[in-house]
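Chain by chain, the residues:
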Amino acid sequence: MILKGSLEARFDEALATADELGQRRKLDAVALTGQGRISRNGQQLVDFSSNDYLGLALHPELIDRSREWTERFGAGAGASRLVTGTSEAHLALEAKIARFKGTRKALLFASGWQANAAVIPALLAAAPGAAVFTDRLIHASMHTGCAAAGVRQHRFRHNDLTHLEQLLRDRGVNAPARLILTESVFSMDGDVVDLEGLVTLARAYDAFLYVDEAHATGVLGPCGAGLSRTMPNGVDLVMGTFSKAMGSFGAYVAGSERLCDYIINACGGFIFSTAPPPGVLGAIDAAIDIVPGMERERQKLRSLSDQLRQGLKTMGFSVGDSSTHIVPMIVGEADKAMALSRYLATQGFLATAIRPPTVPKGTSRLRFALRATHDATDIDALLAAIRDRGKQET
């Protein structure tokens, strides 16, 4: 029997509330099957939800090198990095990542969430009382990092550098240090930051600039190295992932030697985590070799994204300020987004509904993640299905 005041009873209440709001989530087993397709519950679907933007998750070179490195070095790293978990392979790969990003040094992390949630409080521990300025739409992992540091965020309107400058002037001048947190490509909106303007502002106010490149790495910038690569030495810390366009798993932090040496000594998430295993390192190593030569795939992504945005706009849907391979179709209420997602599944398309609290209330959407393994006929078919749904509702 579950007592009324028990924690288990509170779980039931929270789940019931999520049901009422149309926000309850569940796990479904899926499998990537190639060519932009996915298998779920025995159904083959055109996949517009995965972040495998370049189709590298099933690339034979990543699979082969992951297998090769596992056979050579073992299934696990054995310990955390400061104990016995650092191998020559870790150090060589980190040097390779730094060259890819155009920085002096880089460090491997288990995930983008871990990196943001652990690195941000480590940075702020070096400057008690620092003023922290955050774009309102930064990823939840960055908010978690700020919460762990116990700091108040000065949130500026999304991509509004005029508002940021006002906050820097009003709240940052007398602080012992200033930290700006943003993303280069925003994961739910598919729009990009004005990085040149941001770098100029950070320099003017002597602010440390931290940019999350999770959804840009592999897709944007010179050779797919991210937007930060367009501003040499402009971004103080770049965080990115290998679990999206790079096709495997893990994350990196890149910046100066001083920054990375400090993280090694001060960041609990790095110090106390077991090192990434050899198989993961091999897949990352292969991706960094392959991605710079994938300009044709990046161009195809741009073309497909433009096609989808234009088609949705023609039907009267808002896609926000999306200009990348992430295209939101903003429909408003959560139940409407869920109903549309379910309908598209019956038509052979996987398009996940994104609801609060992931996005602000009233902006529930279908988040279409384009992949280089899609083609123009896939986009045409998706748009036709959405159009048919609209006709059924009128």
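Analysis parameters
Residues numbered from 1 in each chain as written. Predicted model: local features only at pLDDT ≥ 70, side-chain atom pairs only at ≥ 80, totals over all residues. Heavy atoms only, no water. Pairing = 2+ DSSP bridges. Helix = DSSP H or I, 4+ residues; strand = E, 2+ residues; numbered from the N terminus. Contact = heavy atoms within 4.5 Å. Axes fitted to C-alpha atoms, helices over the stretch in contact; angles between N-to-C directions. Salt bridge = Lys/Arg side-chain N within 4 Å of Asp/Glu carboxyl O. Buried < 20%, exposed > 50% of the residue type's maximum accessible area, 1.4 Å probe, protein only. Parallel < 35°, antiparallel > 145°, perpendicular 65-115°, else oblique. Left-handed = near helix turned anticlockwise from the far one by under 90°. Nonpolar A, V, L, I, M, F, W, Y, C, P; charged D, E, K, R; others polar.

Looking at the sheet that holds strand β12 (residues 349-350)
Pairing is mixed across the open sheet formed by 4 strands, whose spatial order is β1-β2-β3-β12. Two strands bound the open sheet, and with one partner strand each, they are β1 (30-34) and β12. Summarising the sheet, strand β3 (residues 43-47) and β12 pair through 2 bridges and their orientation is parallel. Residue pairing in the sheet places Asp 47 in a bridge with Leu 350 of β12.

A look at the side chain of His 90
Residue placement: His 90 occurs in helix α4 (residues 88-101). Residues in contact with His 90, not counting those within four places in the same chain, are Ala 77, Arg 81, Gly 85, Leu 108, Ala 275, Pro 276 and Leu 281.

Concerning the sheet that holds strand β10 (residues 251-255)
Across the sheet, 7 strands lie side by side as β4-β10-β9-β8-β7-β5-β6; this open sheet has mixed pairing. Edge positions in the open sheet fall to β4 (105-109) and β6 (153-156), since each of these has one partner strand only. The average undirected angle you get between the axes of adjacent strands in this sheet is 20°. Pairing between strand β5 (residues 131-135) and β6: 4 bridges, direction parallel. Paired with Asp 135 across the strands is Phe 156, a residue of β6. Packing of α4 onto the sheet brings it into contact with β4, β9 (237-241) and β10, and relative to β4 it is tilted by some 120°.

Some details on the pattern of salt bridges
Using the criterion set out here, one finds 23 salt bridges in the structure. A salt bridge links Asp 28 to Lys 26; the shortest N-O distance between them is 2.8 Å. Of the charged contacts, one joins Arg 72 and Glu 68 as a salt bridge, the two residues approaching to 3.5 Å between their closest N and O atoms. Residue Arg 72 and its partner Glu 68 are both found in helix α2 (residues 60-73); the two are separated by 4 residues, about one turn of the helix. Here Glu 68 falls in the partly exposed class, since its relative accessible area comes to 36%. In this structure, a network of salt bridges that share partners links the residues Glu 61, Arg 65, Lys 96, Asp 285 and Asp 289.

Overview of the environment of Arg 10
Topologically, Arg 10 is positioned in helix α1 (residues 7-20). Taking the C-alpha atoms as reference points, Arg 10 and Ala 148, separated by 138 residues in sequence, lie 25 Å from one another.

Here we look at the packing of helix α12 (residues 295-314) against helix α14 (residues 376-393)
Where α12 contacts α14, the two axes come as close as 10 Å, and the packing angle between them is 20°. When the interaxial angle is binned, α12 and α14 end up roughly parallel. Crossing angle aside, the handedness with which α12 passes α14 is right-handed. Within the contact between the two elements, α12 uses Leu 304, Gln 307, Leu 308, Gly 311 and Leu 312 and α14 uses Ala 376, Ile 379, Asp 380, Leu 382, Leu 383 and Ile 386. The class makeup of the residues in the contact of α12 with α14 is 8 nonpolar, 2 polar and 1 charged.

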